[in-house]
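Given next are the chains, with one letter for each unit.
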Amino acid sequence: MNVFSTRFSQGFFALCCAIALPVQASVLERISAGGKLVIAHRESSVPFSYIDSKSGKPVGYALDLCLRLADVVRKKTGKKDMEVEFMAVTPANRITMIEQGKADLECGSTTNNAERRQKVAFTIPHFITGARLLVKASSPIDRVEDLNGKKLVSTKGTTPLKAADQANRERLMGITIVEAPDHARGVDMVEKGEADAFVMDDVLLYGLAAGRPDPKALKVVGRFITTEPLAIMLPKNDSEFKKLIDEEMRRLITSREIYPIYEKWFQKPIPPNNTVLNLPVSYLLRDFWKYPTDQVPF
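Before going into details, it helps to say that this report is about the structure given with it. Keep in mind the model is a prediction, meaning the values are calculated, not measured.

**Describing the sheet that holds strand β13 (residues 218–221)**
In step 1: Spatial ordering of the open sheet is given by β11-β10-β12-β9-β13, a layout of 5 strands whose pairing is mixed. In this open sheet, the two edge strands, each paired with only one partner strand, are β11 (176–180) and β13. For this sheet, the mean angle separating the axes of adjacent strands, direction not counted, is 30°.
In step 2: Judged from the 4 bridges that link them, strand β9 (residues 131–136) and strand β12 (residues 197–201) form a sheet pairing that is antiparallel. From the neighbouring strand, alanine 131 faces β12, where its bridge partner is aspartate 201.
In step 3: Contacting β9, β10 (151–155), β11 and β12, helix α6 (residues 159–171) runs over the sheet at an angle of about 165° to β11.
In step 4: Packing of helix α7 (residues 183–191) onto the sheet brings it into contact with β9, β10, β11, β12 and β13, and relative to β12 it is tilted by some 150°.

Dropping the structure here:
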C-alpha cells in the first residue's frame, strides 16, 4: 500500500470513529428520555447544604432552592415522575462531579469566580458573603495580621484557602497553612488547639459554630478577606438547561418567593438543634437581587 493510500485509510478510519462517537445528551434531553436529575450536596455547609444528624438526610437553603428548580425541570420535560438522586460531594471534588456530568446541579456554598467558570457554569447567586476568621472566644486574634507565625486552617479546594495562601506569600507573614478535608474538621482543629484560626465564608462559620456543643466558646473575627458570591453550579455548554434554571432563579427572586426560603434557614430555628443564625438579608445581597443576573465581577 502506498503512502497516499495509507494516509487515506487512516483519515477515513478517524472520520468514521468521529462520526460513531455519541454526542452527550443535554440534561433536559436525558430527563425527557426517562433519566434522573442528580443533585450534588455538601455534608457540613450549614445552613446551605448539610446532613441533618437526626434524619440523616441532606437539608439546607441551597437544597430547598434546588428542589424548586427540580420542579421546573419536571414541568419542562413533562416527566412528573422524574427521580431526584442526591450525591454527596466535597470541596475538593464538587467541580469535577459537575464537569464530568456525574451531577446536574451542585447545591451548596460554592463561589462563582472566573477560574471556575472555565470548567462549569453558575446560575444567579443565592448569597453573597466574605471570608473571615473563626477562633476560640478566648483568643487574642482579631484580624489576619495577628496570625503572624501562627497556624491557620482552611478547607481544601476553597477560595478562602487560596486567598489566605496568596496573602501569606505576598506579605511574608510566616503563617503555617494547613488543609482540612471539610468544614467540620476545620472547626474541630480550632477547638482542639490544633490550629489558631479557621478561615472560611463568615456565614458558614456562624452556622458551624452554632451547631457545636458550646457555640459561645468560638467567635468570628476580622474584616472580609474575600467577596464570595455563592451560586448553584451547572454543567458548562448546556445552554437550554442553564436558561431554564436562570429563568426560575430570576423568577424566585423578583417574585420575592426566595425571601421566605431565606428566612427559614437564616432567621428561624434550623435542624438538628433548632439553632437560629439571626442573619437577615444583607444590603449587598438585597441590592444585587434588584437586578438579578448570573454575571458577577469576580
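**Section: the packing of helix α3 (residues 61–77) against helix α9 (residues 239–254)**
In step 1: Two numbers describe how α3 lies on α9: the axes approach to 10 Å, and their chain directions differ by 125°. Viewed along their axes, α3 and α9 adopt a mutual orientation that is oblique. Classified by chirality, the crossing of α9 by α3 is right-handed. Each of Leu65, Arg68, Leu69, Val72, Val73 and Lys76 in α3 lies in contact with α9, whose residues at this interface are Glu240, Phe241, Leu244, Ile245, Glu248, Met249, Arg251 and Leu252.

**Observations concerning α3**
An α-helix turns once per 3.6 residues; consequently, residues spaced three or four apart project the same way.
In step 1: With 17 residues, α3 extends 25 Å between its outermost C-alpha atoms, agreeing within 8% with the 24 Å of an ideal straight helix rising 1.5 Å per residue.
In step 2: Here α3 has its buried residues at Tyr61, Ala62, Leu63, Asp64, Leu65, Cys66, Leu69, Ala70, Val72, Val73 and Thr77.
In step 3: Positive backbone phi, at 75°, marks glycine 78, one or two positions downstream of α3.

**Re the nonpolar core**
In step 1: Ranked by internal contacts, the top residues of the largest apolar core, which has 66 residues, are Tyr61, Leu105, Phe266 and Trp289.
In step 2: Top contributing element to this core by residue count: α3, with 9 residues.
In step 3: What leucine 105 contacts, discounting residues up to four positions off in sequence, is Leu37, Val38, Ile39, Ala40, Cys66, Leu69, Ile98, Ile232, Met233, Leu234, Phe241 and Ile245.
In step 4: Counting residues in each nonpolar core, the second largest holds 13 residues, with Ile141, Leu152, Ala197 and Val199 among its members.

**Digging into the pairing of β10**
Residues in a regular strand point their side chains to alternate faces of the sheet.
In step 1: The buried fraction of β10 amounts to 4 of the 5 residues, a majority that puts the element mostly inside the structure.
In step 2: Handedness of the crossover is the feature at issue here: the chain leaves β10, passes through α6, returns alongside β11, and the resulting connection is right-handed.
In step 3: Where β10 and β12 come together, 2 bridges link them in parallel fashion. Considered in β12, the bridge of valine 153 is made with phenylalanine 198.

What counts, and at which threshold
- Residues numbered from 1 in each chain as written.
- Predicted model: local features only at pLDDT ≥ 70, side-chain atom pairs only at ≥ 80, totals over all residues.
- Heavy atoms only, no water.
- Pairing = 2+ DSSP bridges.
- Helix = DSSP H or I, 4+ residues; strand = E, 2+ residues; numbered from the N terminus.
- Axes fitted to C-alpha atoms, helices over the stretch in contact; angles between N-to-C directions.
- Contact = heavy atoms within 4.5 Å.
- Parallel < 35°, antiparallel > 145°, perpendicular 65-115°, else oblique.
- Left-handed = near helix turned anticlockwise from the far one by under 90°.
- Expected span 1.5 Å × (residues − 1).
- Buried < 20%, exposed > 50% of the residue type's maximum accessible area, 1.4 Å probe, protein only.
- Core = buried A, V, L, I, M, F, W, Y, C linked by side-chain atoms within 4.5 Å.
- Right-handed = clockwise from strand over helix to strand, strands pointing away.

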